[in-house]
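So the chains spell out like this:
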Amino acid sequence: MPTALLTKKQNKTAQYGYFDEQNNEYIVTRPDTPTPWINYIGEGEYGGIVSNTGGGYSFDRDPRYKRILRYRYNSIPMDRPGRYLYIRDVKSGEYFSPTWQPVQKELDDYACRVGMGYTTITGSYLGIQGQVTYFVPLGESRELWVLKVKNNSNTKRKLQVYSYAEFCFYDATIDQQDVDWAQQINQAYFDKKHNSIFFYSFMRTQGYSFFSTNGKVSSYDCDREKFLGRYHSESNPVALENGSCSNSVTYRGNSVGSTCNEIELAPGEETEIIFQVGATPNPEEAYEKIKYYQESQNVAQAFQELKRYWKNFVSKLQVNTPDSDMNLMLNLWNQYQCKSTFNWSRFVSMYQLGVRRGMGFRDSAQDILGVMHTIPEEAKVLIVKLLKNQFIEGDAYHQYFPLTGEGDSKGYSDDHLWIVLSVASYIKESGDFEFLEEQIPYADNKGVGSVFEHLQKAVDFSLTNTGPHGLPKAGFADWNDTINLDRGKGIAESVWVAEFLGFILLQFIELSHQVKRENIAKDYQIKYEALVKKINDVAWDGKWYARAFDDDGNIIGSDQNEHGKIYLNAQSWAVLSGTAQEKRAKEVLSISKKMMNTKYGLILMYPSYNGFDHTKGGVTTYPPGAKENGGIFCHSNPWVMIAETMQGNGDQAYEYYRQILPPTRNDSIDLYEVEPYVYCQNILGKEHPQFGLGRNSWLSGTAAWNFLAATNYILGVRASYEGLLVDPCIPKGWKEYEISRTYRGATYHIKILNPKGKNKGIKSVKVDGTTIEGNVLPVFKDNSAHDVEVVMG
Ligand code: GLC
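The structure displayed is predicted, hence computed values, not measured ones.

Novice: Go over the pairing of strand β10 (residues 128-135), please, and point to the residues and values.
Specialist: Among the 8 residues in β10, 8 count as buried, and that is most of the element. Of the two faces of β10, the one holding I128, G130, V132 and Y134 and the one holding Q129, Q131, T133 and F135 are both buried throughout. Across 8 bridges, the pairing between strand β9 (residues 118-125) and β10 is antiparallel. The residue bridging T120 from the neighbouring strand is T133, located in β10. Hairpin geometry of β9 and β10 is characterised by an intervening segment of 2 residues between the two adjacent antiparallel strands and by a positive phi of about 45° at L126. The pairing of β10 with strand β11 (residues 142-151) spans 8 bridges and is classified as antiparallel.

Novice: Explain the packing of helix α13 (residues 495-514) against helix α15 (residues 568-576) to me, using residue names and the numbers behind them.
Specialist: Two elements in contact, α13 and α15, have axes separated by 9 Å at closest approach and are oriented at 25°. With respect to α15, the axis of α13 lies roughly parallel. Here the hand of the crossing between α13 and α15 comes out left-handed. The segment α13 lies against α15, with W496, E499, F500 and F503 engaging N569, A570, W573, A574 and L576. Looking at the contact of α13 with α15 residue by residue, the classes come out as 7 nonpolar, 1 polar and 1 charged.

Novice: Could you give an account of unusual backbone geometry, with specific residues and numbers?
Specialist: With an omega of -10°, the peptide bond between I76 and P77 qualifies as cis. Along the polypeptide, P77 turns up in the loop between β5 (58-60) and β6 (84-89). For D768, which is not glycine, the phi torsion reads 50° and is therefore positive. By secondary structure assignment, the location of D768 is in the loop between β39 (762-767) and β40 (770-772). On the basis of relative accessible area, D768 is assigned to the partly exposed category, the value being 39%. In the Ramachandran plot, N783 falls in the positive-phi region, its phi being about 55° despite a non-glycine side chain. Topologically, N783 is positioned in the loop between β41 (776-777) and β42 (785-792).

Novice: Tell me about helix α6 (residues 283-292), and name the residues and values.
Specialist: Residues separated by three or four positions in an α-helix point in the same direction, a consequence of the helix having 3.6 residues per turn. Within the span of α6, buried status applies to P283, A286 and I290. Across the axial projection of α6, the buried residues extend over an arc of 55°, all falling on one side. Away from its buried face, by an angle of more than 90 degrees, α6 presents the exposed residues E284, E285, E288 and K291. Those residues of α6 that are buried are in contact with β11, β13 (186-191), β14 (196-201), β15 (208-213) and β18 (270-280).

Novice: Quick rundown of the packing of aromatic side chains? Include the residues and the values.
Specialist: For the coordinates displayed, the defined rule picks out 68 aromatic pairs. When the ring of W479 is compared with that of W639, the centres are 5.5 Å apart and the planes differ by 70°; the resulting orientation is edge-to-face. Of the two residues, W479 sits in the loop between α12 (451-464) and β25 (493-494) while W639 sits in helix α17 (residues 637-646), which places them 160 residues apart along the sequence. Aromatic side chains Y677 and W698 sit 6.2 Å apart centroid to centroid with 75° between the ring planes, which places their arrangement in the edge-to-face category. In this pair, Y677 sits in the loop between α19 (669-672) and β33 (680-683) while W698 sits in the loop between β34 (694-697) and α20 (702-714), placing the two residues 21 residues apart along the sequence. Among the aromatic residues, ring-to-ring pairing joins Y16, F19, Y26, W37, Y40, Y309, W310, F313, W333, Y336, Y677 and W698 into one connected group. For R64, the ring lying beneath its charged end belongs to F401, and the centroid distance is 4.6 Å.

Novice: I'd love a proper account of the confidence of the model for the protein, names of residues and values included.
Specialist: Here the protein shows a mean pLDDT of 97. Residues at 70 or above account for 98%. Across residues 1-13, confidence stays below pLDDT 50; counting only partners more than four residues off in sequence or on other chains, it has 30 contacts.

Novice: Pulling in residues and values, what's your account of the sheet that holds β5?
Specialist: Read from one edge to the other, the open sheet built from 3 strands follows the order β3-β4-β5, with strand pairing classed as antiparallel. The open sheet has two edge strands with one neighbour each: β3 (38-41) and β5. Adjacent strand axes in the sheet meet at a mean angle of 15°, parallel and antiparallel pairs treated alike. Pairing of β3 with strand β4 (residues 46-51) involves 4 bridges; the strand directions are antiparallel. Across the sheet, the residue bridging to I41 is G48, located in β4.

Novice: Outline the site of the ligand, supporting the account with residue identities and numerical values.
Specialist: Taken together, R346, R357, R362, D363, W479, N480, D481, E628, F633 and Q681 make up all the residues around the ligand. The side chain of R362 places a nitrogen or oxygen atom 2.7 Å from an oxygen atom of the ligand. D481 has a polar backbone atom sitting 3.0 Å from an oxygen atom of the ligand. Coverage of the ligand by the protein chains reaches 97% of its 310 Å² of free accessible surface. For the shell around the ligand, the per-class residue count stands at 2 nonpolar, 2 polar and 6 charged.

Novice: Mind laying out the sheet that holds strand β32 (residues 632-633), listing which residues take part and the relevant values?
Specialist: Reading across from one edge, β32-β33-β34 is the order of the 3 strands in this open sheet, with antiparallel pairing throughout. In the strand order of this sheet, the two ends are held by β32 and β34, each with one partner. Pairing analysis gives 3 bridges linking β33 to β34, with the strands arranged antiparallel. Residue pairing across strands places I683 opposite G694, the latter belonging to β34.

Novice: Before we move on, can you summarise the nonpolar core with the specific residues and values?
Specialist: Ranked by internal contacts, the top residues of the largest apolar core, which has 214 residues, are W145, W333, W418, Y657 and I750. Excluding its chain neighbours within four sequence positions, the residues that come into contact with I750 are V717, L724, Y737, E738, I739, L777, V788 and V790. One finds V103, Y162, L228 and A239 within the second-largest nonpolar core, a separate group that totals 13 residues.

Novice: So what's going on with a positive patch on the surface? Residues and values would help.
Specialist: A cluster of like positive charges, contributed by K732, K756, K758 and K763, occupies part of the molecular surface. Its location among the elements puts K763 in strand β39. Judged by relative accessible area, K763 falls into the exposed class, the value being 59%.

Novice: Provide a residue-level description of the pattern of salt bridges, including the pertinent values.
Specialist: As a working rule, side chains carrying opposite charge can pair if their charged atoms are close by. Considering all chains together, one arrives at 46 salt bridges under this definition. Note that R362 and D415 form a salt bridge whose closest N and O atoms lie 3.6 Å from each other. Remark: D415 occurs in helix α11 (residues 415-430) and R362 occurs in helix α9 (residues 361-371); sequence separation between them is 53 residues. Given a relative accessible area of 2%, R362 falls into the buried group. Among the salt bridges present, the one from R695 reaches E673, with a minimum N-O distance of 2.9 Å. Taken as a pair, R695 in strand β34 and E673 in the loop between α19 and β33 lie far apart in primary sequence, 22 residues in all. Through salt bridges with shared partners, one network takes in R70, R72, R80, E166, D175, R224, E225 and E234.

Conventions adopted
- Residues numbered from 1 in each chain as written.
- Predicted model: local features only at pLDDT ≥ 70, side-chain atom pairs only at ≥ 80, totals over all residues.
- Heavy atoms only, no water.
- Buried < 20%, exposed > 50% of the residue type's maximum accessible area, 1.4 Å probe, protein only.
- Helix = DSSP H or I, 4+ residues; strand = E, 2+ residues; numbered from the N terminus.
- Pairing = 2+ DSSP bridges.
- Axes fitted to C-alpha atoms, helices over the stretch in contact; angles between N-to-C directions.
- Parallel < 35°, antiparallel > 145°, perpendicular 65-115°, else oblique.
- Left-handed = near helix turned anticlockwise from the far one by under 90°.
- Contact = heavy atoms within 4.5 Å.
- Nonpolar A, V, L, I, M, F, W, Y, C, P; charged D, E, K, R; others polar.
- Arc of directions from axis to C-beta.
- Phe/Tyr/Trp six-rings, centres within 6.5 Å; stacked < 30°, edge-to-face > 60°.
- Lys NZ or Arg CZ within 6 Å of the ring centre and 35° of its normal.
- pLDDT = per-residue confidence, 0-100.
- Near = heavy atom within 4 Å.
- Polar contact = N/O pair within 3.5 Å; in protein donor to acceptor, adjacent residues only side chain to side chain.
- Areas by Shrake-Rupley, 256 points an atom, 1.4 Å probe, with all protein chains shown as cover.
- Core = buried A, V, L, I, M, F, W, Y, C linked by side-chain atoms within 4.5 Å.
- Patch = residues over 30% accessible without salt bridge, like charges linked within 9 Å, V, L, I, M, F, W, Y side chains within 5 Å.
- Salt bridge = Lys/Arg side-chain N within 4 Å of Asp/Glu carboxyl O.
- Lys, Arg positive; Asp, Glu negative; His and termini not counted.
- Charge placed at Lys NZ, Arg CZ, Asp CG, Glu CD.

Right under this line is the structure:
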């Protein structure tokens, strides 16, 4: 496990941290980051959030229905509680937390290493160094906290190690809202034989949570109030002041996993204590594994397996470009974030509380795209789950909850269409056309259809549910959750959905050709052309495309409007869908740049609304420049990048890519505030006083789409039905770059040379030394490596 550590002096060289490329980690060098900088542990089943000071919480498969550790969102002091450890010097009674929080003693050194699936935090105080690594062993319903304590002083030290894991009632909404009930039924006890505390509700209907340690327990507390003491907090527990826990049991109230281990360390000596937190149907089923993970070598092995898992995960696509920030993101961090969004959609982060939103239909359908190159089989499993949430009429539930599978909320005009793209992407990657024939039930037990039928119903729904201009109805909202135009008449229409439908029709037509359903392909080609003509007839505003028509038929996103004159998505998707051709495509991209580009990214629309307007809804609840109201909605930026590559503008696409690349903000964190190793959802826009401030890091479609924009369109290597397609659109200044990509069982080492300084265009392609026709690399399926040389020109 990592051991390197910065001293206080070295800390000054970086603002809040830096990338350690050798170890695939980001190292946070100060605990007082402007927001908690987090990491996810677990691979989509048991897991949780860990901040750079040990804050955060856990859940078992579903953060709403199966919460394990509790968290107090948006509270003060911020970022509490967490997976806390205290080290106490017996002689002086002084104590500290190696994670800085919750004690907040000024540490002699501190480092938080954010790694793939683990976080390691090290802190020293008065000659004692504590280092804790948090991770979830692959496939396990438990997390491990591996603590190393080292005596760096010259004298023998008697120490105590205390722990703090605050249990949550399994249903997190009830834990917050029905305190009266939950507090009477929460119970916990210490099991001496297994060195474990078991927490459960009196009904015992949802299993048990547990806390366990391998250290010899000299005292323990299950009752939170007994450990903390009245009017104390996690910062100054009375147990630490007394030098002992009080061996409390919880008969009702709040429960914690708190144990005290006594250790003695000679100068230079180090010891390790392992803690476990997890979920089990009943205590008996947990004993064996608890014992297993009390052994140091088993824990070390689990950690190595986790490392191997991640090495393999990112190995399927690696790049070497002239841009080191791009390499860093594409080779590691962007892929890592894509997996987090794939695991948790928009359900659980520092901004989404893991109670209200489940797995978003449209969100997950896009997250799937970001992991397709590496785990297509898992992507397929999620596709099937989403298809089960589609209605027989073609539309879909907006979200579902992973533990129960229960769907929730409907009436969005775009959700169902995204799944067409996910399925197309899966087949292009895998070549698994048979999937189209798989029978999948529709939601609410209303029959079964093949995957192909599901897709056809999705496009039909939007083709037939149209308003007065013949465009798809706006419904409650489209991709933009905050444009809420339907006020009961049901005639509001979305120009963006029309364009998006055009793009999806192109996917559906291409797929129909592939499976030789030529009549369907022909039929939908006619529908596509009619749709595109309609959009150009009714939504072209003179210089750009309008965004919508409201429930009174008024135009939105037009030069005629005082606010919200131009919307970014209506321009980018006009290009992506082929609605805007040649001159119009150039015009809309150039006006988008002129009116909506900023140094931190493209804003979503301009000028922002300045006051609530019930005819438009959510977007007007935000102050100018915030979120969907003229903020930089990072998710929408890569769509413009892709549109630019379609026009051959490699320099422009790349400039947009750099503008929102998180590592470029590493040295202006006091303004940007959020983690520089993952994308955030939004950055406050130019009309906001805090222009440049980021929010909602981690769970955003920004992750998948920037990954696609960069790899598939700028670097230009993407899966197609026939094989791996090479179609770069890069900055003229790039002389060469490499991309290695595993695809359908073979690895392609692709070198792209650009001797004439072009943006786009290919002169020749050689595969294993032989020139091939065209730019689609053959499918080998031979488990071996192939060298590809592409010359642009
Ligand atoms: C949030 C939602 C996403 C939506 C976007 C724009 O990111 O999760 O579904 O498309 O906001 O409103």
